[in-house]
Every structure is written in structure tokens, then in C-alpha cells.
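Observations on the three-dimensional arrangement
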Amino acid sequence: MFPETIQSALEGLRNGEFSIAELVTEFATRARNAQPELNAYITIATEDQLEQQTSYARDLALKDAPLDLAGIPLAIKDLFCTELMPTTCGSKMLEDYVSPFESTASSRLLQTGAVFVGKTNMDEFAMGSSNENSFFGPVRNPWHVEHVPGGSSGGSAAAVAAGLCLGALGTDTGGSIRQPAAYCGITGLKPTYGRTSRYGMVAYASSLDQAGPMTRTAYDAALLLSAIAGPDDRDSTSSAEPVADYLKDINKPLQGLRVGLPKEYFEALGEGPVLNAIMEAKKTLEQQGVSFVDVSLPHSNLALSAYYIIAPAEASTNLSRFDGVRFGHRCNGARDLADLYARSRSEGFGAEVQRRILIGTFALSAGYQDAFYKQAQRVRRLVKNDFVDALGQVDLLLAPVTLGAAFRLGEKTDDPVSMYKEDLFTIPVSLAGLPAISVPCGMADASGTDLPLGMQLIGNYFDEARLLNVAHQWQQLTDWHSRTPPSSAREMK
């Protein structure tokens, strides 16, 4: 029986229970078998690509490498530029694009000997909360295939939950790691803005995008973050803050920890299964010596509106490079340059991407920039100050990730505003640039099937080590993270 976590896989490899080739073959086979049902991947590595990576991993395993993930089968969201496989961003615009360079995050993982099983499906250019906006079709939640996995990193979340890889990289702009992690019952960490390099990560909103690990456990998340964190000369937004040893205090007891409960979050959440699950988690943590206090984030109700000005404004600028001239989709039979631009972009971009480009372009247009974009940035500062004040009183915050369990495919596709509200509890953290981790905390009945629920731990800047410690200790007390969906890859053979 092959392991389901990175930690146990590394132990199995060290003990000779299986070889690197056997481990990689097992997860690549799972990925291929599950693809017709889940559509979690856009590209699955070929046999030659897997052999090339496996050969390097075997060589590295013979050396005394300081950070060794040799032979660990991982997946990577398809907006990280990779030389080995295409980078599509889930869009027709980049359907056949192969990058001439490697992103920093993927390069650092490859250097540890990790093996990429494939590139995961995603909402087009990371714009979405359900993974229904992909040119390559929607991803399905492995817990119930008629439900969404969340987005935009839904492919990565579904792949980890279904056992199609041992871990994955996702990106979080307004909640795109944490929300799908909650919907799929896995662990998802959004690091502090600047903790991981954005070089080679196709930009959606440059002041918000951040890469992070999606794994079954907090311990595994610590392993992946250790590999990808740190400054990068090629990314001016990466921080020079020293990288902590994320495993050093991961087993530290929780006695004496002070945790804040943001009252505005719980007022917006209301009664229901998510609140019940979090209150049960609170009781469990109190038994470990954790104390809870109410805190206030008075401007959090403005965060959603501010985000959907700032993020589309930055997207409209970032996506202007896709014009049908230098790279990307080009229309046929253009009459002139203006027609080339217009038709290439309208054919290459999906409806949600076009919507956000138009919103952003309007927000930055003459006469409206002060009223919308600059005002949204002022609100962003207020949101950040609220978090700074709250975290000055406590060690971290406990909050919901979502309003409920994963909704049905197609349920919200005709209501963009309702879809945007899916990020109600994750966006404020992103605007502030803080780290946060989503961990499983319960189950809710939906359509006759149990669906996972998640809770969110929010920490101070560059305090990922504490978040991982608390999340790991929580997972030693509960088994929510170890539960597997009924449609997992193990049953798809």
C-alpha cells in the first residue's frame, strides 16, 4: 500500500519499502485513471518526462542533500512556467504555450528531486472561485463529482484530495488556495506576501498573488514551504526576511496560546454547519490550554468591494500583453491591427476574464481612477490596520474559510456577484498580505454525501511557523485531514 503523505513517503523510500520509480508510476497511473472523472489535470507528464525527472531524483537520493524531496510525486498549478510541460493558465489564449524558462517555485522543487506528475487545471488566469472557468472544462470535487472543488486552484486541491499526487502548488490571490482546500478537505497555506517568489508565475494581480503548498497535512505543507520560500533576485517583491525552520517547533504544545475570534466574520457566517464545526474545534483547542478572545476587524465588510476594484485593475494591466502579436492565440484573417487585437483577445479570453478586464480598465480610466482605484487602496490600508491591531492582542486568529460546503456545479455560474462572495472570508487576509492556513475541521451533509468543511488560522507577517505548528497540533488531535473521498483514485483503477 502506497503512502498518502509526503512525510510517510519519504520514510518509505528511506526504509526501502518501494523505489522512487514505483512511487512515481503509482501516482502517474492514478492521475491518468482519474482524469476522465475529475479533470484535475490539464497536462499529465509523459513517460519520457517522468523518466527524466525520476532519473535526476534517483541521483539526488544518493547524495546528502539538505532539502530532500527526491522522488516525491507532486502536481503544479498550470500558471507556473515550466520548461518540461506547457503552461496554459487554463486559457485558450495560451493553449499551446511552452515556456522558455522555469519559474522559481517549480525550479526550487525540481532541485530537491521532486517529480511533477502534471500541471493542474484551474480557473482561467486564476479568475474564479469554482474552477468552472477553465477552457479545458471544469474540475470536479472528488468527494462528490456534481460539486465544485473551489477555485482557482481547484485542480491542485482535487488532485491532492483524490490521491493523484502527494502535494501540489497552488496560488492565492483572494483565497484561491484556502477556499478549494476547505472544499476538498485538505490543508492549504497562503504565505505572507513576498515569502515565495512570483518569478515565472503568470500574473493575475501582482500585489496579491502568492504561491503556496496544498497538501494533506500541515507537516507536508511545512516541507514544501521550506523548499520554495526565500528571496529571489529575479522578483523585486520577494522578501529578504530570513526563512524560518518550519519543522523546528511544529510539535510545540499549544498551552498558553491566545487566539482571536473576529466578531465580524462570525456575524457574517451565521448559524450552520461551518459555525458548529469551528465551535467544536474551539472546545478541542481549549482543552489543550488555548485561550480565546473576541477581536474586531471593523473594515472587513469593505474588503470584498475593494478587492474587486484592485484585482481587476491589476489584471487589466497584466493581461494587456496577450494581444495576438508576440505570443498567445492569434485570430485568423485579421483585416488590420485593431481587428487583430480585438478578435484575438475576444477569442482567446473567456467570459470571466473579459469581465474582469473591463472592470479593471474602467476603474483605471481617466476620471474614475481617483473615485475607484485609489479609494479601494485606501480601504485596503484600513483593512490591513485592523489586522495589525487585532494581532497585536493575540497570537493568531481563528476564522471560517467559506460560508458552507462546496456548492453544485453550475449553481452560481449565472450570478457573478454570488460567486464573488465565495471569497468573503479570505479576501481581507490577502489585501493585508498576511499568512493564513486552511485546515479540515468537519463534514456537512450535501446531496446525500458528506462534504468537507475547513477553518482558517490567520497569523502575523512571516509567522508561518506558528500557523504550521497550530495546524499540525490540531491534526494530531483530530482525523478530519486523514479522511479520503469515496471517489478517490484508489477506486478508479
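Preceding this paragraph is the structure being described.
Residues numbered from 1 in each chain as written. Predicted model: local features only at pLDDT ≥ 70, side-chain atom pairs only at ≥ 80, totals over all residues. Heavy atoms only, no water.

Along the protein, the regular secondary structure elements total 16 helices and 11 strands. Relative to the 2.2 N^0.38 estimate, which gives 23 Å for 493 residues, the radius of gyration of the protein is 21 Å and therefore close to what a compact globule would have. By residue count, 61% of the 493 residues in the protein fall in the buried class. Sequence separation of 24 or more characterises 77% of the internal contacts of the protein that already satisfy a separation of 6 or more. As displayed, the protein has an accessible area near 18,000 Å², and 49% of this comes from carbon and sulfur atoms. (Helix = DSSP H or I, 4+ residues; strand = E, 2+ residues; numbered from the N terminus. Rg over C-alpha atoms; globule rule 2.2 N^0.38 Å. Buried < 20%, exposed > 50% of the residue type's maximum accessible area, 1.4 Å probe, protein only. Contact = heavy atoms within 4.5 Å. Areas by Shrake-Rupley, 256 points an atom, 1.4 Å probe, with all protein chains shown as cover.)

Okay, the nonpolar core next. Counting residues in each nonpolar core, the largest one holds 143 residues, and the members touching the most others are I72, L109, F125 and F387. A total of 10 residues in this core trace back to one element, the largest contributor, which is helix α10 (residues 303-318). Ignoring any residue separated from it by four or fewer positions in sequence, one finds F387 in contact with Y265, L297, L397, P428, V429, A432, L434 and I458. In terms of nonpolar packing, the next biggest core, distinct from the first, is built from 5 residues, V148, A406, F407 and M419 among them. (Core = buried A, V, L, I, M, F, W, Y, C linked by side-chain atoms within 4.5 Å.)

Helix α7 (residues 218-228) packs onto helix α4 (residues 104-111) with a crossing angle of 110 degrees between their chain directions and a minimal axis gap of 8 Å. The orientation of α4 relative to α7 falls into the category roughly perpendicular. Contacts between α4 and α7 pair A105, R108 and L109 from the former with L224, A227 and I228 from the latter. When the residues that make up the contact of α4 with α7 are grouped by side-chain class, the tally is 5 nonpolar, no polar and 1 charged. (Axes fitted to C-alpha atoms, helices over the stretch in contact; angles between N-to-C directions. Parallel < 35°, antiparallel > 145°, perpendicular 65-115°, else oblique. Nonpolar A, V, L, I, M, F, W, Y, C, P; charged D, E, K, R; others polar.)

The subject of this paragraph is unusual backbone geometry. Here the bond from G151 into S152 is cis, since omega is 5 degrees, no more than 30 degrees from zero. Within the element layout of this structure, S152 appears in the loop between β3 (115-120) and α5 (154-161). Unusually for a residue other than glycine, A126 sits at a positive phi of about 70 degrees. Looking at where A126 falls in the secondary structure, it is placed in the loop between β3 and α5. A126 sits in the buried class, given a relative accessible area of 4%. For F462, which is not a glycine, the phi torsion comes out positive at approximately 60 degrees.

As a further point, take helix α3 (residues 47-61). Residues three or four positions apart in an α-helix share a direction because the helix packs 3.6 residues into each turn. Compared with the 21 Å implied by 1.5 Å per residue over 15 residues, the 20 Å span of α3 between its first and last C-alpha is a close match. Taken as a whole, α3 has its buried residues at Q49, L50, Q53, T54, A57 and L60. The buried residues of α3 occupy an angular sector of 125 degrees when the element is viewed end-on, so they sit on one face. Counted as exposed and oriented over 90 degrees from the buried face of α3: E47, D48 and Q52. Residues of α3 that are buried in the fold lie against α2 (20-38), α4 and β3. (Expected span 1.5 Å × (residues − 1). Arc of directions from axis to C-beta.)

So, about the pairing of β3. Most of β3 is tucked away, with 6 of its 6 residues classed as buried. Summarising the sheet, strand β2 (residues 73-77) and β3 pair through 5 bridges and their orientation is parallel. Each residue of the ladder has a partner; that of P73, found in β3, is V115. Each parallel crossover has a hand, and the one from β2 via α4 to β3 is right-handed. (Pairing = 2+ DSSP bridges. Right-handed = clockwise from strand over helix to strand, strands pointing away.)

With that out of the way, let us pick up the packing of α2 against α3. Between α2 and α3, the shortest axis-to-axis distance is 10 Å and the interhelical angle comes to 150 degrees. As summarised for this structure, α2 and α3 are arranged roughly antiparallel, according to the angle between their axes. For the element pair α2 and α3, the recorded crossing hand is right-handed. Here I20, A21, V24, A28 and R32 of α2 come into contact with α3, specifically with E47, L50, T54, A57, R58 and A61. Residue classes in the contact of α2 with α3 are distributed as 7 nonpolar, 1 polar and 3 charged. (Left-handed = near helix turned anticlockwise from the far one by under 90°.)

It is worth spelling out the side chain of S430 at this point. Within the secondary structure, S430 is located in helix α15 (residues 427-432). In this structure S430 touches D172, T173, G174, G175, R178, K190, L208 and R380, once residues within four positions along its chain are discounted.

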